[in-house]
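# A structural walkthrough
Here is what each chain is made of, one letter per residue.
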Amino acid sequence: SIIMSENLSMHSMTNEELIQEWLDSLKLENKSDMTINEYKKSLLLMLEMPFFKGKHLLELDRDYITSFRLHRIDVDIVSARTLNKNLSALKNFLNYCLRKEYIPENFFSDIRVKFKNQSLPRPIAVNTLNEILDNKTPLNPKYNNQKLRDLAAAEIAYSGGLRISELHAIKLSDINLSAMQLKVLGKGNNERIVFLGKKSLEAISTWLLVRNRWISKAGVEDCGYLFIAPSGKHIAKNHLGACITALLKAHGSGHIGSTHALRHSFASHLYNKTKNIRAVQEMLGHKSLSSTQVYILVDHETLISSYKDAHPRARANQD
């Protein structure tokens, strides 16, 4: 067929050139840099597989995908979550090749991965979070100012359900204290507005006083970002994340938390109060509802209450 002849002729394009063409298309789709890099790594992993050495990516078939899965599970011993990311990349790549008519079909549709051992950060209990965020006393007085910064970061992360990348990228110009709102640039350059609670506003105001002193003491030009290091420069993203993790761990409850755990806590606590998953989806900046569902741990009483309130046959006094 014409498609198959095009497929064969495409072997003149190297694997690297084909991958680059696909990655360029992802940029046009406004995929985040993180997603594009993860996808690229997955394709390069396939090229490095012992059973795929010297093969062309247009030769991918069901057997190769199956071998890839088994190698990742049995040899690399990766989690179901990591494997799913790899397979998602392969599926996206094959869909691209199908759209370009480089291949006659995408045989991937019936290949699935089970999330048997997937682990997601558990939400932190509301009482525990209140204890952590209301405790302004540092373990070491020398680091009082750093703790005020880290508390502000944790408050905002929890108040708005932010990703660490979103938290790190906040600029002073993104904050509207009077409206109690924050402009956030999420995945795929999608902009959304998140709300700031009373506690997060107080934490921001306290931190801004410290921030101004740091800028003045360092004698540097203001970088414009909300979270900075004592040097006055924009704090590194990984360091900001590590500081929040340390803040949560210092509580001594044995709970290992992170910015991502705060995001899960935001989603679960909000849903358990409102029972409105669409609102939570909007606030998290998720495109699909399925992404939001994995962030929500609904307690048993809420499920029962939701069922009784919503289901027409669940109420005792039916007319």
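Going by the structure above, here's the rest.
Predicted model only: the values in this text are computed from it and were never measured.

Quick look at the sheet that holds strand β1 (residues 175-176) now. Within a beta sheet, neighbouring strands are joined by backbone hydrogen bonds and run either parallel or antiparallel to one another. Ordered in space as β1-β2-β3, the 3 strands form an open sheet in which the pairing is antiparallel. The outermost strands of the open sheet, each flanked by one partner alone, are β1 and β3 (191-195). Bridge count between strand β2 (residues 181-185) and β3: 5 bridges; the pairing is antiparallel. Considered in β3, the bridge of Val184 is made with Arg192.

With that settled, the discussion passes to unusual backbone geometry. Here Ile77, not a glycine, exhibits a phi torsion of approximately 50°, which is positive. Overall, the relative accessible area of 65% leaves Ile77 in the exposed class.

Once that is clear, we can look at the pattern of salt bridges. Applying the stated criterion across every chain, the model contains 8 salt bridges. A network of salt bridges, in which partner residues are shared, links Arg163, Glu166 and Arg192.

What follows is about the nonpolar core. Among the nonpolar cores identified, the biggest contains 42 residues, and Ile156, Leu167, Leu182, Phe227 and Leu262 are the most heavily contacted of them. Sorting the residues of this core by element identifies α6 (126-134), α7 (144-160), β2, α9 (198-218), α10 (237-249), α11 (259-274) and α12 (277-284) as the ones contributing at least two each. For Leu182, the contacting residues outside a window of four places in its chain are Ile156, Leu162, Ile170, Asp174, Ile175, Arg192, Ile193, Val194 and Leu196. Membership of the second largest hydrophobic core comes to 30 residues, among which are Ile36, Leu43, Phe52 and Phe93.

Over its 14 residues, helix α2 (residues 15-28) extends 20 Å from the first C-alpha to the last, a length consistent with the 20 Å expected when each residue adds 1.5 Å. Within α2, burial applies to Asn15, Leu18, Ile19, Trp22, Leu23, Ser25 and Leu26. Buried positions in α2, seen along its axis, are confined to an arc of 155° and lie on one side of it. What points out from α2, more than 90 degrees from its buried face, is the exposed set Glu16 and Leu28. Where α2 is buried, its residues contact α3 (33-48) and α5 (80-99). Asn30 occupies a position one or two residues after α2 and carries a positive phi of about 65°.

The rules behind each value
- Residues numbered from 1 in each chain as written.
- Predicted model: local features only at pLDDT ≥ 70, side-chain atom pairs only at ≥ 80, totals over all residues.
- Heavy atoms only, no water.
- Pairing = 2+ DSSP bridges.
- Helix = DSSP H or I, 4+ residues; strand = E, 2+ residues; numbered from the N terminus.
- Buried < 20%, exposed > 50% of the residue type's maximum accessible area, 1.4 Å probe, protein only.
- Salt bridge = Lys/Arg side-chain N within 4 Å of Asp/Glu carboxyl O.
- Core = buried A, V, L, I, M, F, W, Y, C linked by side-chain atoms within 4.5 Å.
- Contact = heavy atoms within 4.5 Å.
- Expected span 1.5 Å × (residues − 1).
- Arc of directions from axis to C-beta.

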